[in-house]
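# Survey of secondary and tertiary structure
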Amino acid sequence: MLGAVASIQIPIVLEFAVPLAIITIITVAVMIWYFYFLGKRFFPKDWFENSIVHYGAYSGVTAIGLMLLRTVDPEMKTDAAKGFALRAPFYSPILGGGLITSIIPVLMLNSSSLIIGVSALGILVLLLVVSKLFGLFEKPQSPQSNEEKVSSQSKRDIV
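Overview of the structure. (Residues numbered from 1 in each chain as written. Predicted model: local features only at pLDDT ≥ 70, side-chain atom pairs only at ≥ 80, totals over all residues. Heavy atoms only, no water.)

## A word on the pattern of salt bridges
All told, the structure shown has 2 salt bridges when counted by the stated rule. For Glu75, the salt bridge is made with Lys77, and the minimal N-O distance between the two is 3.4 Å. Each member of the pair, Glu75 together with Lys77, is exposed. (Salt bridge = Lys/Arg side-chain N within 4 Å of Asp/Glu carboxyl O. Buried < 20%, exposed > 50% of the residue type's maximum accessible area, 1.4 Å probe, protein only.)

This is the structure in C-alpha cells:
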C-alpha cells in the first residue's frame, strides 16, 4: 500500500483533477441514490442494514460492507448478512471484479466511452423495469407518525 501511495505523481493528479472530481461527485451521488432510493424499495424489511452492506461492498470491497453492517447491527439480529451472503455468489463473478469489470476497459479502448456509458444506463433502466415487473421493487412503507399511532391505539381501546 505504501508503495502505491508513494508512486503517485502529483503533476499527473493535478492534470486530471477536474475529471477525477467529476467522477467522484457522480459516484457519490449514485451511491447515495442507491442507498436511500433503491435500498428502501429492494429491501422493505431492514432496509438500512441491507443497504449499508451493499453500499460498503459497492464502494470498496466486501469486507468494508460487512464491517459497516457489523457497526449498525453488531449482534446480527437482522438477516442482512445472510441475504448478502446468499446474493454475492450470483453477482460477484459478473460484477464484483468479474466479467463486467474485466471487459469494460477492452470495450472502452475499442469503442466510445459515451456509447459504453449510455449502454450501461440503458441496462440499468431495463433491470429496474424487469425488477418492478417481477415485484422485486416495492414502494417503501411510510412509517406511522406518533400521532397516528396514538390515534389508532385510542380507537382500539374504545372498541
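Next comes the rest of the write-up.
## Re the nonpolar core
Nonpolar side chains in soluble globular proteins tend to be buried together. If you look at the biggest cluster of nonpolar residues, it comprises 9 residues: Phe35, Ile52, Val53, Ala57, Leu69, Ala80, Phe84, Ala88 and Tyr91. Counting residues per element, the ones that place at least two in this core are α4 (47-59) and α6 (80-91). Top contributing element to this core by residue count: α6, with 4 residues. Beyond its immediate chain neighbours, meaning those up to four positions away, Phe84 contacts Val53, His54, Ala57, Thr62, Leu66 and Tyr91. (Core = buried A, V, L, I, M, F, W, Y, C linked by side-chain atoms within 4.5 Å. Helix = DSSP H or I, 4+ residues; strand = E, 2+ residues; numbered from the N terminus. Contact = heavy atoms within 4.5 Å.)

## Topic: the packing of helix α3 (residues 17-42) against α4
α4 packs onto α3 with a crossing angle of 150° between their chain directions and a minimal axis gap of 9 Å. Classified by the angle their axes make, α3 and α4 are roughly antiparallel. As α3 packs across α4, the resulting crossing turns out to be right-handed. Across the interface between the two elements, Met31, Tyr34, Phe35, Tyr36, Gly39 and Lys40 of α3 pack against Trp47, Phe48, Ser51, Ile52, His54, Tyr55, Tyr58 and Ser59 of α4. Among the residues forming the contact of α3 with α4, the class breakdown is 9 nonpolar, 4 polar and 1 charged. (Axes fitted to C-alpha atoms, helices over the stretch in contact; angles between N-to-C directions. Parallel < 35°, antiparallel > 145°, perpendicular 65-115°, else oblique. Left-handed = near helix turned anticlockwise from the far one by under 90°. Nonpolar A, V, L, I, M, F, W, Y, C, P; charged D, E, K, R; others polar.)

## As for unusual backbone geometry
Both trends apply: most residues other than glycine have a negative phi, and most peptide bonds are in trans. In the Ramachandran plot, Asp46 falls in the positive-phi region, its phi being about 55° despite a non-glycine side chain. Counting through the fold element by element, Asp46 comes out in the loop between α3 and α4. Phi at Met76 takes a positive value of approximately 50°, unusual for a residue other than glycine.

## A look at helix α8 (residues 113-133)
The end-to-end C-alpha distance of α8, which contains 21 residues, comes to 30 Å, matching closely the 30 Å that a straight helix rising 1.5 Å per residue would cover. All of the buried residues along α8 are Ile116, Leu128 and Ser131. Buried residues of α8 fall within an arc of 115° about the axis and therefore sit on the same side. Away from the buried face of α8 by more than 90 degrees, exposed residues Leu114, Val118, Leu126 and Leu133 are located. One side-chain oxygen at the N-terminal end of α8 lies 3.1 Å from the backbone nitrogen of Leu114; it belongs to Ser112. (Expected span 1.5 Å × (residues − 1). Arc of directions from axis to C-beta. Polar contact = N/O pair within 3.5 Å; in protein donor to acceptor, adjacent residues only side chain to side chain.)

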